[in-house]
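Reading the structure
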Amino acid sequence: MTTTQQCLDLTTIQQCSEPKTNRQCSELVFSDLCVKNKSKEILKHVSGSAQSGKMLAVMGPSGSGKTTLLHSLAGKTNVLSGDITLNGSLFDKQQRRRLGYVMQDDVFLSNLTLWETLYFSVMIRVSDTLSKQEKLDRIQTIVAALGLQHCLYTVIGDIFQRGLSGGERKRTHIACELLTDPDIFLVDEPTSGLDSSTAHSLMVQLKNYATEYNKTIVVTIHQPSSKIFHMFSSLLLLVEGQMAYFGSAPAAIPYFTNLGFPYNPRFNPADYLSGLLTADEHTINVVKTWSKELSDAQHVSDVKRSPHYRHRDHCANPRSKNETLGAFAFTPEERETTRWPTSNLNQLKMLNWRSYKQAKGRMFQTYDVIHGFFLAAIYGMVYFQIENSEKTLRDKMGLVFASFLHWGFQIAISTTLSHSAERGVVWKERTVGAYRLSIFYLSKLTSELPLLLVIPTLFNTAVYWTAGLGGVVGYFVFCGIGILNCLLIQSAASVIGISFVNTNLSIRLLEFCLLGGTLIGGFYNTHPPTWLRWSKYISILHYPYAATVSYLLNDMDPLWCNQTSVTMYPQCRDNTNVALTSRDILDSVGIDLPIYCYIGTIVLVTCLLHVLGYSVLRWKRNMD
């Protein structure tokens, strides 16, 4: 299929579709917007409007405030002053559910394929009133229109894994938003990183989408080609956060030539305008005259009365009720404005599905299985059929502690990296109200558990039987406490991973907690100074370690004082004929509580840490 044919796909789809609904004309108006970042004023009294069926282009040099303007319209940046309205009504959070936003950075989960990414988006962001088959048909329609069929089953990829190209990732991002059929479409730098042919094809698609389906499209663009420039209906020029021009795109050249800046018709109009916005200080001051004239304006109606703004009726060619609107259009029933597009059960199912797909490629790789197998073989040889007596007490303690510490590190790092990898994606999806925060957190706990637990459990199984630690009942106790250890470490890592954006900082804190816990957890030092003996109770490794050792020594034969050193056990100092129980031996190594206390504490602390993790996640959401 040629590029021209691909560009005509949207029109073809529209002509072949069954009638759906009549689109209402709309107008997005932003007036006198001012945005500050700390002490720097990024936008200074910027005004303008965008109409349905038209494309508004925002141009300007780097740092002029283009992306900040889109963030303001999307509600992602706090506006210091000014108004944003849609058809005369305040553009609030509910109204923004009709908005699609393609940010400059394409944020995706790297281990998912293109089809899996689109499947998740349509299943969780499109109303349950559509059947699954209708949603799948929508994917195929949009994929065909954007020319993505050849890479449908290619992974998204990242810097470590080759996947989609830059242009394919950008079109994937656009496809995800088109699936929700937004009335207002904001696109930040859609052509950056693309070759001229791909960039032109993509902009034709967006232009067709605006005109064929009566959509409002606002794009920021740095330096478009002349063919792309002539697609723009309206143009907003920004320089140093101020307006240099707002009005009809074709009228921009005559406006600036009237200001005394000659234009060579052989040049690209966009290059001409960009040159004015990056010229010497005198030229920029002249260009900003329009901004100064507008600074006293209180409403966008003042903009429209300006001779520069050639406002035309944006509903000059409204669609009749019988005219078809294409496969991208929803019926009023399909666009039912509820807070959440899909049910809680569907959200949990899809989030579990996606998290499992993403985590599987990270946690369950071939070398992880090989690593676990060889580690279990080494442990099995070193501790093969260990004797069940007081002489091997330290050996059993070392086996248990080393095992829990190793898998604790593995799970902690994996959980932290998981939160880091998904942070940008979740923030993007949460800002459009795709799912509940509580459902997301619950899915993080449940979706990755099979992958987190399978290798440690297989390792514990091999070690338990090769070391001869006990019978069948003991095996289930040993593996059960091992699972509780994994859950405890996961909960602690979740809190740290959520609390800190810097991944390196999170990993260093986890290392500090785990390595610090080894020093005070009761294995490396069983007789700390009296004033420091309490510290073992703040080590999360102490509880699963102490519970496991307590059970393994539960059936040990009594030890007579005359068979050991009297200095190790206070009971033997007065009478060497006393028999020591397993309880006496455990007390001597700092394990002084019953096993049910340790297990109960693990369960309680795990629950409390998850409550804390969710609270921090919600607090950070409110801070954003």
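Basis of the calculations
- Residues numbered from 1 in each chain as written.
- Predicted model: local features only at pLDDT ≥ 70, side-chain atom pairs only at ≥ 80, totals over all residues.
- Heavy atoms only, no water.
- Helix = DSSP H or I, 4+ residues; strand = E, 2+ residues; numbered from the N terminus.
- Buried < 20%, exposed > 50% of the residue type's maximum accessible area, 1.4 Å probe, protein only.
- Contact = heavy atoms within 4.5 Å.
- Areas by Shrake-Rupley, 256 points an atom, 1.4 Å probe, with all protein chains shown as cover.
- Expected span 1.5 Å × (residues − 1).
- Phe/Tyr/Trp six-rings, centres within 6.5 Å; stacked < 30°, edge-to-face > 60°.
- Salt bridge = Lys/Arg side-chain N within 4 Å of Asp/Glu carboxyl O.
- Core = buried A, V, L, I, M, F, W, Y, C linked by side-chain atoms within 4.5 Å.
- Patch = residues over 30% accessible without salt bridge, like charges linked within 9 Å, V, L, I, M, F, W, Y side chains within 5 Å.
- Axes fitted to C-alpha atoms, helices over the stretch in contact; angles between N-to-C directions.
- Left-handed = near helix turned anticlockwise from the far one by under 90°.
- Nonpolar A, V, L, I, M, F, W, Y, C, P; charged D, E, K, R; others polar.
- Lys, Arg positive; Asp, Glu negative; His and termini not counted.
- Polar contact = N/O pair within 3.5 Å; in protein donor to acceptor, adjacent residues only side chain to side chain.
- Pairing = 2+ DSSP bridges.

Description of the overall build of the protein chain
From N to C terminus, the protein chain includes 23 helices and twelve strands. Classification of the 624 residues of the protein chain by burial places 54% in the buried group. Long-range pairs, those at least 24 residues apart, make up 75% of the contacts in the protein chain between residues at least 6 apart in sequence. Accessible area of the protein chain: about 28,100 Å², with a carbon and sulfur share of 57%.

Some thoughts on helix H7 (residues 196–213)
Spanning 18 residues, H7 covers 26 Å between terminal C-alpha atoms, matching the ideal 26 Å at 1.5 Å per step. Residues Ala-199, Ser-201, Leu-202, Met-203, Val-204, Gln-205, Leu-206, Asn-208, Tyr-209, Ala-210, Glu-212 and Tyr-213 constitute the buried set of H7. Positive backbone phi, approximately 55°, marks Asn-214, located one or two places after H7.

A closer look at the packing of aromatic side chains
Going through the model one piece at a time under the given rule, you end up with 20 aromatic pairs. Their ring planes at 50° and their centres at 5.9 Å tell us that Tyr-245 and Phe-256 sit as a pair that is tilted. Of this pair, Tyr-245 sits in strand E10 (residues 242–248) while Phe-256 sits in helix H9 (residues 252–258), and the two are eleven residues apart along the sequence. Its relative accessible area of 0% is what places Tyr-245 among the buried residues. Look at Tyr-464 and Phe-478: their rings are 5.5 Å apart centre to centre, the planes differ by 40°, and that puts the pair in the tilted class. Taken together, the residues span a long stretch of sequence, with Tyr-464 in helix H18 (residues 449–467) and Phe-478 in helix H19 (residues 472–499) at a distance of 14 residues. Across the pair, exposure class does not vary: Tyr-464 and Phe-478 are buried alike. Put simply, the rings of Tyr-464, Trp-465, Tyr-475, Phe-476 and Phe-478 pair up and form one aromatic cluster.

Topic: the pattern of salt bridges
Close approach of charged atoms lets side chains of opposite charge pair. Using the criterion set out here, one finds six salt bridges in the structure. In this structure, Asp-183 engages Lys-215 in a salt bridge whose closest nitrogen and oxygen atoms are separated by 3.5 Å. Of this pair, Asp-183 sits in the loop between helix H6 (166–178) and strand E7 (184–188) while Lys-215 is found in the loop between H7 and strand E8 (216–221), placing the two residues 32 residues apart along the sequence. On the accessibility criterion, Asp-183 (13% relative accessible area) is buried. Take Lys-215: its relative accessible area is 1%, and that puts it in the buried class. Within the structure, one salt-bridge network assembled from shared partners comprises Asp-181, Asp-183 and Lys-215.

Things to note about H18
The end-to-end C-alpha distance of H18 is 26 Å, a good match for the 27 Å that 19 residues give at a rise of 1.5 Å each. By the burial criterion, the buried members of H18 are Leu-451, Leu-452, Leu-453, Ile-455, Pro-456, Phe-459, Asn-460, Val-463, Tyr-464 and Ala-467.

Focus: unusual backbone geometry
Although it is not a glycine, Asp-32 adopts a positive phi angle of roughly 55°. Looking at the secondary structure, you find Asp-32 in strand E1 (residues 27–37). Accessibility expressed as a relative area gives 14% for Asp-32, which makes it buried. One non-glycine residue with positive phi stands out, namely Glu-189, at about 50°.

Brief notes about the nonpolar core
Counting residues in hydrophobic clusters, the biggest one holds 76 residues, and the most contacted among them are Phe-185, Leu-206, Val-219, Phe-232, Leu-235, Leu-237 and Leu-273. The biggest single contributor to this core is H7, with eight residues. Once residues lying within four places of it in the same chain are set aside, the contact partners of Leu-206 are Met-55, Ile-174, Phe-185, Val-187, Pro-190, Ile-217 and Val-219. Counting residues in hydrophobic clusters, the runner-up holds 51 residues, among them Leu-399, Leu-405, Ala-412 and Leu-488.

Focus on a nonpolar patch on the surface
Together, Ile-370, Phe-373 and Phe-374 make up a nonpolar patch on the protein surface, roughly 340 Å² of accessible area in all. Within the secondary structure, Phe-373 is located in helix H15 (residues 366–382).

What about the packing of helix H16 (residues 393–431) against H19?
Interhelical geometry of H16 versus H19 gives an angle of 35° and a closest axis separation of 8 Å. As for how H16 packs across H19, the hand of that crossing is right-handed. Seen from H16, the contacting residues are Val-400, Phe-404, Gly-408, Ile-411, Ala-412, Thr-415, Thr-416, His-419 and Arg-423; seen from H19, they are Phe-478, Ile-481, Gly-482, Asn-485, Cys-486, Ile-489, Gln-490, Ala-493, Ser-494, Gly-497 and Ile-498. When its residues are assigned to classes, the contact of H16 with H19 shows ten nonpolar, nine polar and one charged.

A closer look at the side chain of Asp-188
When you line up the elements, Asp-188 lands in strand E7. Among buried charged residues, Asp-188 stands out as having no salt bridge; its nearest opposite-charge side chain is Lys-66, 6.9 Å away. Of note is the side chain of Asp-188, whose polar atom sits 2.9 Å from the side chain of Thr-67. Discounting residues that sit within four places of it in the chain, Asp-188 has contacts with Thr-67, Leu-70, Tyr-101, Val-102, Met-103, Gln-104, Lys-170 and Thr-220.

A few points about the environment of Tyr-101
Position of Tyr-101 relative to the elements: it lies in strand E6 (residues 99–102). Remark: the alpha-carbon pair of Tyr-101 and His-173, spanning 72 residues in sequence, is separated by 9.1 Å. Here Tyr-101 is in contact with Thr-67, Leu-70, His-71, Ala-74, Lys-76, His-173, Glu-177, Leu-186 and Asp-188, once residues within four sequence places are set aside. Within the structure, Tyr-101 has its side chain in polar contact with the side chain of His-71 (distance 2.8 Å).

Brief notes about the sheet that holds strand E4 (residues 81–86)
With antiparallel pairing, the four strands of this open sheet are ordered in space as E2-E1-E4-E5. Of all the strands in the sheet, just strand E2 (40–51) and strand E5 (89–90) have a single pairing partner and so form its edges. As paired strands, E4 and E5 are joined by two bridges and run antiparallel to one another. Paired with Thr-85 across the strands is Leu-90, a residue of E5. With respect to the sheet, helix H3 (residues 66–74) is in contact with E1, E2 and E4, its orientation differing from that of E1 by roughly 115°.

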